[in-house]
Amino acid sequence: MQLPLAKGDAVFFNPALFHAAGSNHSTGIFRMANLLQISSAFGRAMESVDRVRMAVTLYPVLRTLRQDDAFDLDNVIAASAEGYAFPTNLDRDRPIGGLAPQTQADLVRQALAEDWPDIRLQQALDEHSVRRRTDDI
């Protein structure tokens, strides 16, 4: 349903709600709106980011910086590689040595610790993506 708003009004809604502004046939009226999205601490962002590509792109730089104590690799890994283990297919992506399967961030940390070549990380992340698929393959 459409909601008429006056200057200074605010609307709060569930972020899972499908919403649209509808057609605006007004003439001579200039409008502006600010959309502020605040996510729940227990939710996931709606935006989609190619985290495999980000991790693979950043990995060669991280390899050169891993000996630099002034540089915090964990912040870069947390901002680029997926650090949450779910959703996943537990038949293919088993939790080995813990309660949750290995994450992309775990893989990047392991690759840095063991000084993997770039191509090995790319292959490991590709295999990781296949294991995490929840649809039938």
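What this report covers is the structure whose coordinates are included nearby. Nothing here was measured: the structure is a model prediction, and the numbers come from that model.

1. Points about the pattern of salt bridges
If the charged atoms of two oppositely charged side chains come close together, the side chains can form a pair. Scanning the model with the defined rule gives eight salt bridges in all. Across the salt bridge formed by Asp-115 and Arg-66, the nearest N and O atoms sit 2.9 Å from each other. Of the two residues, Asp-115 is situated in the loop between α3 (104–113) and α4 (118–132) and Arg-66 in the loop between α1 (51–65) and α2 (73–80); the sequence distance between them amounts to 49 residues. Given a relative accessible area of 36%, Asp-115 falls into the partly exposed group. Taking the relative accessible area as the measure of exposure, Arg-66 reaches 26% and is therefore partly exposed. Here Arg-132 makes a salt bridge to Asp-93, at a shortest N to O gap of 4.0 Å. Of this pair, Arg-132 sits in helix α4 while Asp-93 sits in the loop between α2 and α3, placing them 39 residues apart in sequence. We note that Arg-132, like Asp-93, is buried. A cluster of three or more residues bridged by salt bridges with shared partners is formed by Arg-63, Arg-66, Asp-115 and Asp-118.

Criteria and cut-off values
Position numbers for residues start from 1 in each chain and track the written sequence from start to end. At least 70 in pLDDT is required for a residue's local features to be given in this predicted model, at least 80 for side-chain atom pairs to be given and counted, and no such filter applies to totals for whole chains, interfaces and linings, which use all residues. Note that the side-chain values use all heavy atoms of the structure and ignore hydrogens as well as water. The rule for a salt bridge is simple: a side-chain nitrogen of Lys or Arg has to be within 4 Å of a carboxyl oxygen of Asp or Glu. Secondary structure follows DSSP: runs of H or I at least 4 residues long count as helices, runs of E at least 2 residues long count as strands, and numbering of each begins at the N terminus. Note on classification: 1.4 Å probe, protein chains only; a residue is buried when its accessible area is under 20% of the maximum for its type, exposed when over 50%, partly exposed between these limits.

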